[in-house]
Structure formats: C-alpha cells, structure tokens
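Here's the letter readout for the chains.
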Amino acid sequence: MITEKENINQLPDEELELIGKFARKKLENDELYTFSLILCDNEIDRDNEKFTIQALNTLAKLFVGKTGIFDHNMKSKDQSARIYAAEVVTDSIRKTADGEDYTYIKAKAYMVRTEKNKDLIAEIDAGIKKETSVGCCVSDISCSICGRNIKTEGCEHQKGKTYGGKLCCYLLSEPTDAYEWSFVAVPAQKNAGVIKSFNPMHETEKLADMAREYQSELQSEILRCAAGVLPEMKSAALEEICGSLSIGMLREMRDAFRKSAQKNLPVVRQLDCGGADEESENSEYKI
Ligand SMILES: [Zn+2]
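Residues numbered from 1 in each chain as written. Predicted model: local features only at pLDDT ≥ 70, side-chain atom pairs only at ≥ 80, totals over all residues. Heavy atoms only, no water.

Let's shift gears to the coordination of the zinc ion. The protein atoms donating to the zinc ion are C143 (SG), C146 (SG), C155 (SG) and H157 (ND1), with metal-donor distances spanning 2.1 to 2.4 Å. Taken together, the four donor atoms coordinating the zinc ion span angles of 105 to 112° at the metal, a pattern that classifies the geometry as tetrahedral. All donors of the zinc ion come from a single chain, and their spacing in sequence reads C-x2-C-x8-C-x1-H. (Donors = N, O, S within 2.8 Å, 3.2 Å for Na, K, Ca; no water. Tetrahedral: all angles 85-135°; square planar, octahedral: opposite > 155°, others 65-115°.)

Okay, the nonpolar core next. Ranked by size, the top nonpolar core spans 30 residues in total, and within it F35, L39, F51, M111 and W181 carry the most contacts. Core analysis: the next-biggest nonpolar cluster, separate from the first, contains 13 residues, A211, Y214, I247 and L250 among them. (Core = buried A, V, L, I, M, F, W, Y, C linked by side-chain atoms within 4.5 Å. Buried < 20%, exposed > 50% of the residue type's maximum accessible area, 1.4 Å probe, protein only.)

The next point concerns the pattern of salt bridges. This model, assessed by the stated rule, comprises 10 salt bridges. A salt bridge links E221 to R258, with the shortest nitrogen-to-oxygen separation between them at 2.6 Å. Residue E221 is located in helix α4 (residues 200-229), and its partner R258 is located in helix α6 (residues 247-264); the two are separated by 37 residues in the primary sequence. On the basis of relative accessible area, R258 is assigned to the partly exposed category, the value being 32%. Among the ionic pairs, R254 bridges to D255, the shortest N-O distance being 2.9 Å. Look at R254 and you get buried, because its relative accessible area is 12%. Through salt bridges with shared partners, a single ionic network connects E221, R254, D255 and R258. (Salt bridge = Lys/Arg side-chain N within 4 Å of Asp/Glu carboxyl O. Helix = DSSP H or I, 4+ residues; strand = E, 2+ residues; numbered from the N terminus.)

This paragraph deals with the environment of L250. With respect to the helices and strands, L250 occurs in helix α6. Taking C-alpha positions, L250 is 7.1 Å from Q219, a pair spaced 31 residues apart along the chain. Discounting residues that sit within four places of it in the chain, L250 has contacts with Q215, L218, I222, C242 and L245. (Contact = heavy atoms within 4.5 Å.)

With that out of the way, let us pick up the pairing of strand β5 (residues 80-95). In this structure, strand β4 (residues 67-70) lies alongside β5, joined through three bridges in antiparallel fashion. Following the sheet pairing, I69 is matched in β5 by S80. Taken together, the 10 bridges between β5 and strand β6 (residues 101-112) define a ladder with antiparallel strand orientation. Note on β6: the bridge partner recorded for V89 is Y104. Where β5 folds back on β6, the antiparallel hairpin that results is connected by five residues, among which G99 adopts a positive phi of roughly 85°. (Pairing = 2+ DSSP bridges.)

This brings us to helix α3 (residues 118-125). In an α-helix, one turn spans 3.6 residues; hence positions three or four apart end up facing the same way. For α3, every residue scored as buried is listed here: L120, I121, E123 and I124. Around the axis of α3, the buried residues are gathered within 155° of arc, so they sit on the same side. (Arc of directions from axis to C-beta.)

Detail in the predicted coordinates should be disregarded across regions flagged by low pLDDT. Overall, the predicted model of the chain reaches an average pLDDT of 78, with 76% of residues at or above 70. Taken element by element, the chain is modelled with least confidence in helix α7 (residues 278-285), mean pLDDT 36, and with most confidence in helix α2 (residues 53-63), mean pLDDT 96. Per-residue pLDDT stays below 50 along residues 186-201; that stretch engages in 45 contacts with residues further than four places along the chain or on separate chains. Counted against residues more than four places away or in other chains, residues 266-287, with its pLDDT under 50, gives 22 contacts. (pLDDT = per-residue confidence, 0-100.)

Let's shift gears to the packing of aromatic side chains. One pass over the full model with this rule turns up three aromatic pairs. Ring centres of Y84 and Y110 lie 6.1 Å apart, and the angle between their planes is 55°; on these two criteria the pair is classed as tilted. Of this pair, Y84 sits in strand β5 while Y110 is found in strand β6, placing the two residues 26 residues apart along the sequence. For the pair formed by Y84 and Y110, the shared burial category is buried. Its guanidinium or amino end placed over the ring of Y102, R94 lies 3.8 Å from that ring's centre, counting from NZ or CZ. (Phe/Tyr/Trp six-rings, centres within 6.5 Å; stacked < 30°, edge-to-face > 60°. Lys NZ or Arg CZ within 6 Å of the ring centre and 35° of its normal.)

Quick look at the structure:
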C-alpha cells in the first residue's frame, strides 16, 4: 500500500545521496519522484502464514536496491520504481490476529520522471490504492503451535485450525533472498498484499497471468461498449489506446463507457455490455 508521497522539492541531501548509489548518473530533485510504501508485515495472511519480526528485519535489508513494477504487465522500465531505503516500523497500538505488535517494512522508492510515467505518477498522487506483493525466499518455516520445522520435521497441526484456542499458522523466518516487489491492482481477496513464495518465479507468473486476463476482459468490454456510444471511433485505434493504459485507468474508462452506454442509448442495454458476443453486436451496428 502506498502510504504517502514525498514533496519533490524537499528531498534532503542524504536521501539524494542514497538514491545516487543506485542511479547511473547524478539525479536532481526535480527529475525524481519518491513515495513511501508498506512492503509487507507480520499479520497472518490468507494462507495462514506470517513473517516473523526477525524475517522482516532481514527482508528490509534485502529489499533495498530492488526494483518493483506496477501491475506486473508493465514491462517498460518507465513503469518501475526502485527501493532506496527501508526500515522496520512497530505500531504498538495495533495488534496482529495472534496478538503481536503490528510490525511492517516501510520502504521508500524513487522513479525518474519521464513523459511515459506521468500518468502513473498522477495515479499515485491521486491516492489510487494498489496492493504490494513481494517475492522472496525463506529457509525456515515452523508451526506456531509446537514450533517444529515444517520442512524437516513436520507435525500433526494444520494451519488455519485452532488448538486450545490458539490459531495454528506457519511462521516464516530466515529469509535468504528478496526477488522483487510489485503493485497489483487486481487481486480481489480481502487481505491480498503479501505473496510469499518458495518458487517465486512461478507465483509471479501466476499473478502476471491474472493481471493480463483481467486487463483483456476490461479491454473487450470497452471495445464492445464503444461500438455503441462512439461508433465513429475505429476499434484498432481504441485498442491501441487501451494497450497503453494501466489497469486502474482501464477500469475507469470501462465504467465511463458502461454508464454512457446505459444512459444515452437504451437500445444498447439489450446487447448487455458485459456479455454480448461479437457477432450479434456487429450486426446490430451495421449501418
Ligand atoms: Zn505443530
């Protein structure tokens, strides 16, 4: 989750210096865009697993210098940001489900401003919420009930079940590497955020596939609706425009088209913007 944006004109010298360690050339204040984000925390996640505080401390160091991408499908380097500082923060007022002080990695990331990432920066500025996911490796996974190592010893407890009033979860510690981090606008799960992975490339691919699939669904719906409300618009042109938009933007565009389709042309309703097949639609709009 993006927590705050920084004022670009007031980057202190020591931050510029930190950033300078990663950049090939010296960057000035006005070339840079920086923001803070929560990378991961010690909350029990939807897989009933959680990072230990020891793991968070190690991960905070491992993630410095790592590049993150937005929406997974944005391959261009204009759509990436690099972490230049990270620290572990404890919020003693908020507790995790298992009663620990809520602890998280707060990272600072920078992007070099370009024409191409203007929209993305505007999105971050506007506070459009995106979930962070991280890919990393841990060498120690243990049971929260009996403490045994899951990989080498195993035990009779099942994560997600309660034993004597205590929820069993797997504790992830001893991270060995941090691969990447990313912003995902797609996952609908309530607690989406942290993706830990013992086969990180695989998980990342799965997420990328999900994002691509969702993007293409949005795009087809936009094209279908546009055929009704903007018949003069060539679909190839619209397709190209869609290709350059982030998922958040696509969703906004889809909503706008949906609304116009329903409002201006009641006849379009019969087509069912969400589900009409190509053929019936084309014939409907032949003039
Ligand atoms: Zn156990």
